[in-house]
Amino acid sequence: MALATRTPGRSGPARTAPPAPPRGPRTAVGRFWRSTIGKKTVMAVSGLAMLLYLVAHMVGNLKVFFGPEEMNGYAHWLRTIGDPVLHHEWFLWIMRPLLLLAVVAHGVAAAQLSRRDLAARPVKYAHRKPRASYATHTMRWGGVILALFLVWHILDLTTGTVNPRGEAGHPYENIVASFSTWYGNTIYIVAMVAVGLHVRHGLWGAAQTLGAGSRTRDRALKVTADVVALVLTLGFLSVPVGVMTGLVE
Amino acid sequence: MNLTLRIWRQPGPDSEGAMTTYEVSGISPDMSFLEMLDTLNEDLIERGDEPVAFDHDCREGICGACGMVINGDAHGPERTTTCQLHMRHFTDGETIDVEPWRAAAFPVVKDLVVDRSAFDRIIGAGGYVTVATGSAPEAHATPVAKPAADTAFEHAECIGCGACVAACPNGSAMLFTSAKVVHLASLPQGAPERETRVLDMVGTMDDEGFGGCTNTGMCTTVCPKGIPMSSITTMNREFLRATRKGGGSR
Ligand code: HEM
Ligand code: FES
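For clarity, every value in this text was computed on a predicted model and none was experimentally measured.

Visitor: Which parts of the structure should I look at to understand the overall build of chain A?
Guide: Across its full length, chain A holds nine helices and zero strands. Along chain A, from the amino end to the carboxyl end, the secondary structure elements read α-α-α-α-α-α-α-α-α. Residue burial in chain A is summarised as follows: out of 249 residues, 37% are buried. If you sum the accessible surface of chain A, you get close to 14300 Å²; carbon and sulfur atoms cover 70% of it.

Pasting the structure below:
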């Protein structure tokens, strides 16, 4: 263990008010949320929940290649899940708050951790080197892009507000309309590449955070993250590409 | 060898600092990086200038005192400590940038010397290990399985130099803390305080102003002792286990 050079009379972050440790939360949940590992755990769990949703969403989107009846029928079926126990659309209205909770928890933890992380390196190195992988250092900006895309996407295909057609109950026609505009395609393609990069680092990172990583499993986890990210992005991108190439019209 | 050095000079904790350029000549490729700095300091003293302050002690790669960022790499281009880095890894006429560890939790004391006592406080938060005192214990009383002994030893190799914090874009001390946590958690001797230890050490780590882990893995690429990334995931597992069990004295 290195000898520690102490600075008499000079205070670093924890030294400004030494012996009394900062009065932390008393409950286990409070302590968990306050710790960096706790927040990362929240990010990992919420991220994995969103990822599961995205995989299902991507597979569902492929219905578009089988024509309007298939797609619109699928969209209608989504509203009948749980029938007759659940009333029309109840399933969707159960999922929406849960997804919203995941997005908010993920985003709030990301923002709080990012602030901490940036403050922990107040002086940058004069000699800078390119570091880490592209996927790794685009997590923060990529996340922000995804959050903005989410808003656009809901206004486009859920509420139809910004959709050129925006007809409720006709997702097939709305999709074709959206992907017939240059901006609709551009926004979507950028966001799907961002999702791929985010999941590539995020899925492996989540395994690390949840303690599922290990030396022997590391390779397999990295390959899994790469494959899931690639399949997800290609699956999502196939829809606008289908419309652009006239396969879907 | 003749070299141009750009070294961070800062007279005291609260003063302004700057990268300052020096020329050194007559450097042998067999010198260590610290011996090269000694040569520079002799020149500076002869000229009546203030020598460059840097931490060092054993100069054999086991104490962890020496540490500086050389050309953007903690401990320089080789995976070793600065005292064990030799000048043959540089080329004649090269310009070398030398900076202190940069982290909010490691304030600069002077030039290349930083205050790493935050690490001591993390260790302190780990507390004691319960052992029976009195006569020497019977050697076979507590069997330790070979794999557990190997894991413990691998993590006990950490010398607390702080390179992991210096290399991490978030100034995170996760690799250091995990080396200590995993070391003791692997052994039967560390079992009684297993939960409180990880919760208290992680709590102190956070309180000291280190950043969080974003799994960039930069820490492991500079660790002179090869503490692996799996150390961090193991600590995460220990932390979650301890949280479930509701331990911790904080
Ligand atoms: C609301 C927009 C989002 C923001 C602001 C955001 C931001 C972040 C940030 C900053 C990280 C940590 C990066 C790191 O550890 O290096 C992260 C991790 C992660 N994100 Fe997101 N993200 C968002 C949306 C998503 C979505 C839609 C998914 C679903 C696929 C997702 C899945 C993940 C996963 C699985 C992790 C890994 C958690 C961990 O590192 O333990 N994120 N996100
Ligand atoms: S001086 Fe002891 S490790 Fe370098």
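And the narrative resumes.
Visitor: Hey, could you run me through the domain arrangement of chain B in this one?
Guide: Much of the literature gives interface size as the accessible area that the parts lose upon coming together. Residue and element names in this part refer to chain B. We note that the domain assignment places domain 1 (3-110) and domain 2 (117-245) within chain B. The straight-line distance from the C-alpha centre of domain 1 to that of domain 2 is 29 Å. Taken together, the contact pairs 16 residues of domain 1 with 19 residues of domain 2. Applying the counting criterion to the domain 1 and domain 2 interface returns zero salt bridges. At the boundary of domain 1 with domain 2, the tally comes to four residue pairs in polar contact (both at pLDDT 80 or more). Residue classes in the side of domain 1 that touches domain 2 are distributed as nine nonpolar, five polar and two charged.

Visitor: It is not clear to me how the interface of chain A and chain B should be interpreted in this structure. Could you clarify?
Guide: Residue-level contacts link 50 residues of chain A with 70 residues of chain B. Where chain A abuts chain B, roughly 4900 Å² becomes buried across the two surfaces, and 51% of that area is made up of carbon and sulfur atoms. Our count for the contact surface shared by chain A and chain B stands at three salt bridges. Put simply, aspartate 207 of chain B and arginine 34 of chain A hold a salt bridge, and the shortest N to O gap is 2.9 Å. There are 26 residue pairs in polar contact (both at pLDDT 80 or more) connecting chain A and chain B. The biggest single contributor to the side of chain A that touches chain B is helix 8 (residues 182-209) of chain A, with six residues. Counted by class, the side of chain A that touches chain B contains 20 nonpolar, 16 polar and 14 charged residues.

Visitor: I tried to follow the sheet that holds strand 5 (residues 95-99) of chain B on my own but got confused; where do I start?
Guide: Strand pairing in a sheet relies on backbone hydrogen bonds. The paired strands run either parallel or antiparallel. Residue and element names in this part refer to chain B. Reading across from one edge, 2-1-5-3-4 is the order of the five strands in this open sheet, with mixed pairing throughout. Two strands lie at the open edges of the sheet, namely strand 2 (18-24) and strand 4 (73-74), each paired on one side alone. As judged from the seven bridges shared by strand 1 (residues 3-9) and strand 2, these two strands associate in the antiparallel manner. Within strand 2, the position partnered with isoleucine 7 by the bridge is threonine 20.

Visitor: What is the right way to read the packing of aromatic side chains from this model?
Guide: Each aromatic ring pair is described using two quantities: the centre-to-centre distance and the angle formed by the ring planes. For the coordinates displayed, the defined rule picks out eleven aromatic pairs over all chains. Both rings, one in phenylalanine 106 of chain B and one in phenylalanine 210 of chain B, keep their centres 5.6 Å apart while their planes meet at 85°; by these two values the pair is edge-to-face. Of this pair, phenylalanine 106 of chain B sits in the loop between strand 5 and strand 6 (108-110) while phenylalanine 210 of chain B is found in the loop between helix 6 (194-207) and helix 7 (218-222), placing the two residues 104 residues apart along the sequence. Across this residue pair, the class does not change: phenylalanine 106 of chain B and phenylalanine 210 of chain B are buried. With a centroid separation of 3.6 Å and an interplanar angle of 5°, the aromatic rings of phenylalanine 119 of chain B and phenylalanine 176 of chain B are classed as stacked. Here phenylalanine 119 of chain B, found in helix 2 (residues 117-125), pairs with phenylalanine 176 of chain B, found in helix 5 (residues 174-185); they are 57 residues apart in sequence, far enough to count as distant. Side by side, phenylalanine 119 of chain B and phenylalanine 176 of chain B carry an identical accessibility label, which is buried. Each member of the aromatic cluster is reached from another via a ring pair, and the members are Phe106, Phe119, Phe176 and Phe210 of chain B. Arginine 96 of chain A extends its terminal NZ or CZ atom over the ring of tryptophan 93 of chain A, reaching a point 4.6 Å from the ring centre. Against the face of tryptophan 204 of chain A rests lysine 222 of chain A, its NZ or CZ located 4.5 Å from the ring centre.

Visitor: Any chance you could explain the side chain of arginine 197 of chain B here in plain terms?
Guide: Looking at the element boundaries, arginine 197 of chain B is found in helix 6. In this view, arginine 197 of chain B contacts Gly126, Val129, Leu184, Ala185 and Gly190 of chain B; residues no more than four positions away in its chain are not counted.

Visitor: Would you take a moment to explain helix 7 (residues 171-178) of chain A for this structure?
Guide: Helical geometry note: an α-helix holds 3.6 residues per turn, so side chains three or four residues apart project in the same direction. For helix 7 of chain A, the tally of buried residues reaches six of eight residues, placing the bulk of the element in the interior. Inspection of helix 7 of chain A places Tyr172, Asn174, Ile175, Val176, Ala177 and Ser178 of chain A among the buried residues, and these make up the whole buried set.

Cut-off values and rules
- Residues numbered from 1 in each chain as written.
- Chains lettered and ligands numbered in written order.
- Predicted model: local features only at pLDDT ≥ 70, side-chain atom pairs only at ≥ 80, totals over all residues.
- Heavy atoms only, no water.
- Helix = DSSP H or I, 4+ residues; strand = E, 2+ residues; numbered from the N terminus.
- Buried < 20%, exposed > 50% of the residue type's maximum accessible area, 1.4 Å probe, protein only.
- Areas by Shrake-Rupley, 256 points an atom, 1.4 Å probe, with all protein chains shown as cover.
- Domains from an automatic or database assignment.
- Contact = heavy atoms within 4.5 Å.
- Salt bridge = Lys/Arg side-chain N within 4 Å of Asp/Glu carboxyl O.
- Polar contact = N/O pair within 3.5 Å; in protein donor to acceptor, adjacent residues only side chain to side chain.
- Nonpolar A, V, L, I, M, F, W, Y, C, P; charged D, E, K, R; others polar.
- Buried area = accessible area lost by both parts, 1.4 Å probe.
- Pairing = 2+ DSSP bridges.
- Phe/Tyr/Trp six-rings, centres within 6.5 Å; stacked < 30°, edge-to-face > 60°.
- Lys NZ or Arg CZ within 6 Å of the ring centre and 35° of its normal.

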